[in-house]
Amino acid sequence: ITDQLHCWGENLIGVENTKSVPTGSFQNLEMGLAHSCALDLDGLPHCWGANDVGQADPPAVNMVNIGVGYQEQTCGVKQNGEIVCWGSDNFGGFPPPPAGSYTDVAVGGDFFNLHACAIAQDQSIECWGDNDFGQLNAPVGQFTQITAGGGFTCALNVAGTIDCWGANFLGE
């Protein structure tokens, strides 16, 4: 097993032709529709693929976690727990991340329903962005991992079960 990146697939949107897949050793790989990001072993983010609104130009700060949205938004948790986001702000509709200290972040949404959720140091969840499907209505509890989809979000709670909220058109 290696910790190097290998990408393959149809490449319909020219992802590999926009910003190349980086070389080196990595952890915490995340993928969106047309861009991807990973943290190197020191926690420095590297992104590649489509970069029309800066979604593949991360800040040069070490991070402990990273979340890539479906479209053009990416957020990361800096080593001090602060969340930083880059890329599109959905035409001004994506608010800045909340202040505080976090351990995990997930970015979801499609073309018009951009949202993000993060796990705070106390293991609670805080969400921001569009709420058309209730995707900001996170459950109360303690959580260890989080991921976001089109109009919904799911998190792994400390008991080891999964809680999901938001859109449920297809049983998500």
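Above this text is the structure in question.
Quick look at the structure, then. Since we're looking at a predicted model, the values are computed, not measured.

## Quick look at the overall build of the chain
Right, on to step 1. The helix and strand tally for the chain stands at one helix and 12 strands.
Right, on to step 2. When the elements of the chain are put in sequence order from the N terminus, they spell out α-β-β-β-β-β-β-β-β-β-β-β-β.
Right, on to step 3. Taking all contacts inside the chain whose residues are at least 6 apart in sequence as the whole, residues at least 24 apart take part in 37%.
Right, on to step 4. Taken as a whole, the chain presents about 8700 Å² of accessible surface, with 52% of it coming from carbon and sulfur.

## Things to note about the side chain of His35
Right, on to step 1. By secondary structure assignment, the location of His35 is in strand S2 (residues 35–40).
Right, on to step 2. Using a relative accessible area of 1% as the deciding quantity, one classes His35 as buried.
Right, on to step 3. A distance of 2.7 Å separates the side chain of His35 from the side chain of Thr74, its partner in a polar contact.
Right, on to step 4. Setting aside residues no more than four positions away along its own chain, His35 makes contact with Trp48, Gly49, Ala50, Gln55, Val68, Gly69, Gln71, Glu72, Gln73 and Thr74.

## Description of the sheet that holds strand S6 (residues 83–87)
Right, on to step 1. The sheet built from three strands is open, its strands ordered S4-S5-S6 with antiparallel pairing. This sheet does not close on itself; its edge strands, each paired only once, are strand S4 (63–68) and S6. Going across the sheet, the axis of each strand differs from the next one's by a mean of 20°, ignoring polarity.
Right, on to step 2. Bridge count for S4 against strand S5 (residues 73–78) is five bridges, and the pairing is antiparallel. Across the sheet, Gly67 pairs through a bridge with Cys75, a residue of S5.

## Re the nonpolar core
Right, on to step 1. Cys75, Val77, Ile83, Phe94, Tyr102, Val105, Val107, Leu114, Ala116, Ala118, Ala120 and Trp128 form the largest nonpolar core, which has 12 residues in total.
Right, on to step 2. Going through the elements one at a time, S5, strand S7 (102–108) and strand S8 (115–120) are the ones with two or more residues in this core.
Right, on to step 3. Counting residues in each nonpolar core, the second largest holds nine residues, with Ala106, Cys117, Ile146 and Trp165 among its members.

## Some words on the state of the cysteines
A covalent bond between the sulfur atoms of two cysteines is what we call a disulfide.
Right, on to step 1. Enumeration over the complete set of coordinates arrives at four disulfides.
Right, on to step 2. Paired through a disulfide, Cys37 and Cys47 show a sulfur-sulfur distance of 2.0 Å. Taking the sign of the torsion about the S-S bond as the criterion, the disulfide between Cys37 and Cys47, at about 105°, is right-handed. Taken together, the residues span a long stretch of sequence, with Cys37 in strand S2 and Cys47 in strand S3 (residues 45–49) at a distance of 10 residues. Taken individually, Cys37 and Cys47 each receive the classification buried, so the pair is uniform in this respect.
Right, on to step 3. Between the sulfur atoms of Cys117 and its disulfide partner Cys127 the distance amounts to 2.1 Å. Around the S-S axis, the bridge from Cys117 to Cys127 shows a dihedral of about 110° and counts as right-handed. Of the two residues, Cys117 sits in strand S8 while Cys127 sits in strand S9 (residues 125–129), which places them 10 residues apart along the sequence.
Right, on to step 4. Residue classification places Cys117 among the buried positions, given a relative accessible area of 0%.

Rules used throughout
Residues numbered from 1 in each chain as written. Predicted model: local features only at pLDDT ≥ 70, side-chain atom pairs only at ≥ 80, totals over all residues. Heavy atoms only, no water. Helix = DSSP H or I, 4+ residues; strand = E, 2+ residues; numbered from the N terminus. Contact = heavy atoms within 4.5 Å. Areas by Shrake-Rupley, 256 points an atom, 1.4 Å probe, with all protein chains shown as cover. Buried < 20%, exposed > 50% of the residue type's maximum accessible area, 1.4 Å probe, protein only. Polar contact = N/O pair within 3.5 Å; in protein donor to acceptor, adjacent residues only side chain to side chain. Pairing = 2+ DSSP bridges. Axes fitted to C-alpha atoms, helices over the stretch in contact; angles between N-to-C directions. Core = buried A, V, L, I, M, F, W, Y, C linked by side-chain atoms within 4.5 Å. Disulfide = S-S within 2.5 Å.

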